[in-house]
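# Structural description and commentary
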Amino acid sequence: MKKLLFVLIVLGLWSCSPKQAAVGTDAVKLNSLGFLPENVKQATITATCTDFTVNEAATGKVVFEGKTGGAFSQEDTGEQAWIADFSGLTAPGNYYVEVPGVGRSVEFPIGDQVYQEAYVTAMRAFYLWRCGMEVDGEYQGNHFHQGACHLNDGYEDYLGSAGSRRDGTGGWHDAGDYGKYVVNAGVTVGILFMAWDYFRPQLEQISLGLPETAPGYPDYLKEMKWETEWLLKMQYPDGSGRVSHKLTRVQFAPFIMADQDTAKRYFTEWSSAATADFVAMMARAARVFQPYDAAYATRCLEAARVSYAFLKNNPEDKRFEQGDFKTGGYQTKDPDDRLWAAAEMWETTGEAEFLADFEKRAADAEFVIEENWDWGNQGNQGMFTYLLSKREGKNPAVQESLMKNCLAVAEELVAKAQADVYRRPLGGRYYWGCNGTIARQTVNLFVANQLQPDAKYVNTALDAVGHLFGRNTYNRSFVTGVGINPPMNPHDRRSGADSIAAPWPGYLVGGGHSATDWVDLQESYSHNEICINWQAPLVFALAWFTQP
Ligand code: 9MR
Ligand code: ZN
């Protein structure tokens, strides 16, 4: 009897839940955020089929009919798949894809605004990551809250001053852990500033509902200033220009809220990669903040100059040594970081010394633009800044080599996406944080499209977004709180420690280490953590496709 009651209750819940009613079969997979009217629109179906329709969600009326293409075999997942292409449907509205004998997709919109809400949620996620102040957010009926944390950041014991403390408060936590790391800030801040440079017309009009921490700044730049204020504190106060590699505890904190995490946190020793990334970030910050706050822009540029001069006089690659530390290492060689620093210094100042430095380093690096890049390779950022620069004085041969390589990489990404039934542009590669790489490939595609506009670059970037929001073997979104059946158990200390069942919203999780091993489990940090360097390119991609 008890069992029967339980079954009846479960069935009752099932049929009442509007979410369940909207979610269709697992076999019809598509971008659950929806589609822009003029771009490619596809679903991937992992069951034998020949025909499909697209139906209006409210009435069930058929508005598009087509034949599926296939079968295609997807080696990494071991699936047979068919593709339904309904690019011909351009009328804005809400729809679902129906595949006779198989089932139907989740409901999705076609329209100009389909990425706005996801953009705001993903960018606000940076605000919710803030360290050193109270943060608050309402989302889908939940109130997320964390008190001001880590107000004692940080101690200087590892800089030779046992027990002394100086101000290192602020910035964003790195990930599901509460550490703060300069190298990982590099790839994050660089991409977020780039998004501002190119998508400013739309971004400056979208409110993020942030507290007034930078009066007179647009919301997007308020968030950026929060991080750059902290970065300035990572530069050694001795005027040398060296920059601490990170500010963390010795060991990761347990699953407690950040404001309960009271163990000592330390400035660590410097590294040349962190110092070079600092130069690049501060030079870029100076450009971006100039129109809003000239004095602050000058301060950023002065700080960048001091660290650049230090690096010039100290050419050796000085790696960070973990020593006592068990928190994130982010150890990396520095030539790519130094190259990026030179590019940003030149773009900001126009001074010949920086241009010569960049062009020499680009030649040393054989003008290679990576298709697959992350915190360990900031070279792309330098190459992109140079490539897209409107400044005079570039060496045409350097420009030409870089452009050729950039377009060749974009062609590769297009080809890889086309060879994958889920249009995943990363070939068969899976590793810690690969979802972040997929998002980051939209930056490569964006630059290629700036150099030589081509719809296939734009469509491949949209495919990357579509993959992250549900067109994948799991038929699930990889972003908390957004899209179809999103992750519920990210490796995120706040989400695990607060009393709310839903995770903190808007965060991209890392993804599988093989095509089929991703798990939505809090313990599995290497599959399901969230992280600023994956989040930034997600924001970039969504910002690209938002409208003013
Ligand atoms: O994203 C990082 C990944 O590339 C590395 O393989 C991994 C191991 O060093 O570390 C990842 O970064 C983590 C960092 O060390 C600490 N904060 C959370 C990061 C994401 O998992
Ligand atoms: Zn904190």
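Scope of this entry: the structure provided in the associated data block. Note that this is a predicted model, so its numbers are computed, not measured. (Residues numbered from 1 in each chain as written. Chains lettered and ligands numbered in written order. Predicted model: local features only at pLDDT ≥ 70, side-chain atom pairs only at ≥ 80, totals over all residues. Heavy atoms only, no water.)

The subject of this paragraph is the nonpolar core. The biggest cluster of nonpolar side chains holds 144 residues, and the ones touching the most others in it are Tyr119, Tyr220, Phe469 and Leu542. Those residues in contact with leucine 542, other than ones at most four positions away along the chain, are Leu33, Tyr115, Ala118, Tyr119, Ala122, Val465 and Phe469. Residues Val28, Val54, Phe108 and Ile110 belong to the second largest nonpolar core, which totals 20 residues. (Core = buried A, V, L, I, M, F, W, Y, C linked by side-chain atoms within 4.5 Å. Buried < 20%, exposed > 50% of the residue type's maximum accessible area, 1.4 Å probe, protein only. Contact = heavy atoms within 4.5 Å.)

Right, let's get into helix H5 (residues 219–234). Taking 1.5 Å per residue as the helical rise, H5 with its 16 residues ought to reach 22 Å, and the 24 Å between its terminal C-alpha atoms agrees with that figure. Within H5, 14 of the 16 residues are buried, which leaves the element mostly enclosed by the surrounding structure. (Helix = DSSP H or I, 4+ residues; strand = E, 2+ residues; numbered from the N terminus. Expected span 1.5 Å × (residues − 1).)

Here we come to the environment of lysine 394. Of note, lysine 394 is situated in the loop between helix H10 (379–388) and helix H11 (396–418). Note: C-alpha distance between lysine 394 and alanine 352 (42 residues apart in sequence) is 9.9 Å. A polar contact is formed between the side chain of lysine 394 and the backbone oxygen of leucine 387, at a distance of 3.2 Å. A polar contact is formed between the side chain of lysine 394 and the side chain of glutamine 399, at a distance of 3.1 Å. (Polar contact = N/O pair within 3.5 Å; in protein donor to acceptor, adjacent residues only side chain to side chain.)

What follows concerns the side chain of arginine 476. When you line up the elements, arginine 476 lands in the loop between helix H13 (455–468) and helix H14 (493–497). Judged by relative accessible area, which is 16%, arginine 476 ranks as buried.

Right, let's get into the site of ligand 1. Close to ligand 1 lie Asp174, Ala175, Asp177, Tyr181, Gly328, Tyr330, Trp375, Trp432, Glu529, Cys531 and Trp534. One nitrogen or oxygen atom from the side chain of aspartate 177 is found 2.7 Å from a nitrogen atom belonging to ligand 1. Contacts to ligand 1 include tyrosine 330, whose side-chain N or O atom sits 3.3 Å from an oxygen atom. Within the complex, 77% of the 450 Å² of free accessible area of ligand 1 lies under protein. In terms of residue class, the shell around ligand 1 is built from seven nonpolar, one polar and three charged. (Near = heavy atom within 4 Å. Areas by Shrake-Rupley, 256 points an atom, 1.4 Å probe, with all protein chains shown as cover. Nonpolar A, V, L, I, M, F, W, Y, C, P; charged D, E, K, R; others polar.)

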